[in-house]
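# Summary of the model geometry
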Amino acid sequence: MILDDFLMRAALAGLGVAIAAAPLGSFVVWRRMAYFGDATAHAAILGVAVALAFSMSVFVGALVMSLIMATTVSTLSGRGFAMDTLLGVLAHSALAFGLVAVSFLSGVRIDLMAYLFGDILAVSRGDLAVIWGGAALVLGLLAWRWQALLTATLSPDLAYSAGIDPRREQLVLTLALAVVVAVAIKVVGVLLIAAMLIVPAAAARPLATTPERMALIAALIAASSALGGLRASFAMDTPTGPTIVCAAALIFAATTLGSRLWQTRLSPSRH
Amino acid sequence: MRLIETDGVAVRLGGAMVLHDVSLAINKGEIVTIVGPNGSGKSTLLRTIIGAIKPVRGQIRRTPGLRIGYVPQKLHIDPTLPLTVTRFLSLPRRHAPAIVRAALEQAGLPDLRDRQMTDLSGGQLQRVLLARALMENPDLLILDEATQGLDQPGSAAFYRRIEEVRQEMGCAVLMVSHELHVVMSASDRVICLNGHVCCEGRPEIVAQAEEYRAIFGSGTQGALALYRHDHDHGHDHDHPHSHEPAE
């Protein structure tokens, strides 16, 4: 075998997170929930602190805390709050409280970087099962609710008139988001989870003509970023999570600039 | 046969009571138009009927299995969402490509199949929105100021299409309109709304009603006169009307 076992596990972990995060990330982009993703991801560090304090599974702690944060934000939205400000406050205070909480725990300081930026090379077989289980759950949810989610995203009124409750669809996305955050901690870390949601979807936008194609292309971009980033980080000895996000960002720059140039060439009259 | 019926419906938005004591019914196959001044709750009433707003009082009864086709006033599509016309027509339910193609033919837009929704002109968008609402063979078609932003010939053509649709599909039509002359010539029944139902009935009856004239004036900028030729004599009236929503 050419690859060592831990590299194989890292690659599979990266792929699992990538193909679940990208389609969900498309909805995050379409619904302008970028900050929402940030707040949910940052809340996870608080969950990690709680889990470590009570010797629980870090995955469960992160999942529960992300769910609480995502549900809170979801409930508050559309009630006349200035969402942009509120999300900014929640996202950053969740992170700050999480970091302070972690500092109370002895012996965790060394591990903190692993939770903030991920530790994909330390993924165990058990982690892999959790990641792929979570990814399958998220993909299943999205596939099941796809048409309703899309209608509700396009216009809540169109959804209501067809007998679809947009609040229920929002709940589906909230749940999926919490699961992705919980499984992605090990791979990219709390600080860069939102990037794995948004960057591949944004990179796919210029190449797509339908929502389905955008989600699919985003998944392909995320998967190649995960594999490319892993390889590059191994070659250059850089932290893996950030390298994966850098790879995705480079693809975003390429597709966005590329499509601009292409459009200019097609219609030279317009600039 | 009644398709949908509201019974003493009251709606509160924010702190304000927007609708109160609204009781009305839509029957099979009729074209009903809601008129009323700005802020009279027309769009709110439509959104309540489709289920987007919960009334604080009263009931809404639908015949079981009622299919509603809804054409919103406007549709903002986020530029990050790629959406072709063909794909849009398959929301909320997927349809076979042949059916989508036939719907676009019928809407007079056969060439727009692969066009992005964000690239459509106002008139094209309206026709696509209508085509989508018709995909489900609705029993009741609901249009919220569907001709906003269209020029006169554009909106005239749009209402002719509505009339055709009613004849072909036999669906009832409930619409909100600002264009009184169109209302008068294209509706079976007019409901004049100002927080509550001021008056309703056949267009020529409503046009004579005091409550209606109090809101729109007797001349309605000559538009009515043009179509009915019987309101060209104005009579001012300064008697009081109580149209403030009772709190």
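Bringing the sheet that holds strand E2 (residues 16–27) of chain B into the picture now. Residue and element names in this part refer to chain B. Spatially, E2-E1-E4 is the arrangement adopted by the 3 strands of the open sheet, whose pairing is antiparallel. At either margin of the open sheet sits one strand with a lone partner, and together these are E2 and strand E4 (57–62). Direction aside, neighbouring strands of the sheet carry axes that sit 15° apart on average. Packed on one face of the sheet, helix H1 (residues 42–50) meets strand E1 (2–13), E2 and E4 and runs near 120° to E1.

As a further point, take the interface of chain B and chain A. Each partner contributes residues to the interface: chain B has 20 residues there, and chain A has 22 residues. A per-class count over the side of chain B that touches chain A returns 12 nonpolar, 3 polar and 5 charged.

All names here are of chain B. Extensive coverage of strand E8 (residues 189–193) is indicated by the burial of 4 of its 5 residues. The sheet contact formed by strand E3 (residues 31–35) and E8 spans 4 bridges and is parallel. Paired with Thr33 across the bridge in E8 is Val190. Pairing of E8 with strand E9 (residues 197–201), which is carried by 4 bridges, proceeds in the antiparallel orientation. When the sheet's bridge partners are listed, Ile191 is paired in E9 with Glu200. Where E8 folds back on E9, the antiparallel hairpin that results is connected by 3 residues, among which Gly195 adopts a positive phi of roughly 80°.

A few words on unusual backbone geometry. Cis geometry is adopted by the peptide bond preceding Pro92 of chain B, which originates at Leu91 of chain B and carries an omega value of 5°. Residue position: Pro92 of chain B is located in the loop between helix H2 (85–89) and helix H3 (97–106). With a phi angle near 55°, Arg32 of chain A is a residue other than glycine that sits in the positive phi range. With a phi angle near 50°, Asp21 of chain B is a residue other than glycine that sits in the positive phi range.

Side chains three or four residues apart in an α-helix point the same way, a direct result of the helix having 3.6 residues per turn. Residue and element names in this part refer to chain A. The end-to-end C-alpha distance of helix H2 (residues 34–53), which contains 20 residues, comes to 30 Å, matching closely the 28 Å that a straight helix rising 1.5 Å per residue would cover. Counting buried residues in H2 gives 16 out of 20 residues, a clear majority hidden from the surface. The first or second residue beyond H2 is Ser55, which carries a positive phi of 50°.

What links the strands of a sheet is backbone hydrogen bonding, and the strands pair in either a parallel or an antiparallel sense. Residue and element names in this part refer to chain B. Within the open sheet, the 6 strands sit side by side as E5-E6-E7-E3-E8-E9. Their pairing is mixed. Lying at the two open borders of the sheet, with one neighbouring strand each, are strand E5 (68–71) and E9. For this sheet the average axis-to-axis angle between neighbouring strands, irrespective of direction, equals 15°. In the packing of H1 onto the sheet, the strands contacted are E3, E5, strand E6 (140–144), strand E7 (172–176) and E8, and the crossing angle to E6 comes to about 145°.

On to the packing of helix H9 (residues 193–204) of chain A against helix H11 (residues 240–266) of chain A, then. Each pair of packed helices can be summarised by the angle the axes make with each other and by the distance between the axes. All names here are of chain A. Remark: H9 packs on H11, axes separated minimally by 8 Å, with the N-to-C direction vectors making an angle of 25°. Taken together, the axes of H9 and H11 lie roughly parallel to each other. Remark: the crossing between H9 and H11 carries left-handed chirality. Within the contact between the two elements, H9 uses Ala195, Met196, Val199, Pro200, Ala202 and Ala203 and H11 uses Val245, Ala248, Ala249, Ile251, Phe252 and Thr255.

Rules of the game
Residues numbered from 1 in each chain as written. Chains lettered and ligands numbered in written order. Predicted model: local features only at pLDDT ≥ 70, side-chain atom pairs only at ≥ 80, totals over all residues. Pairing = 2+ DSSP bridges. Helix = DSSP H or I, 4+ residues; strand = E, 2+ residues; numbered from the N terminus. Axes fitted to C-alpha atoms, helices over the stretch in contact; angles between N-to-C directions. Contact = placed C-beta atoms within 7 Å. Nonpolar A, V, L, I, M, F, W, Y, C, P; charged D, E, K, R; others polar. Buried ≥ 20, exposed ≤ 12 C-beta atoms within 10 Å, placed from the backbone. Expected span 1.5 Å × (residues − 1). Parallel < 35°, antiparallel > 145°, perpendicular 65-115°, else oblique. Left-handed = near helix turned anticlockwise from the far one by under 90°.

All quantities given are derived from atomic positions and should not be read as evidence of function.
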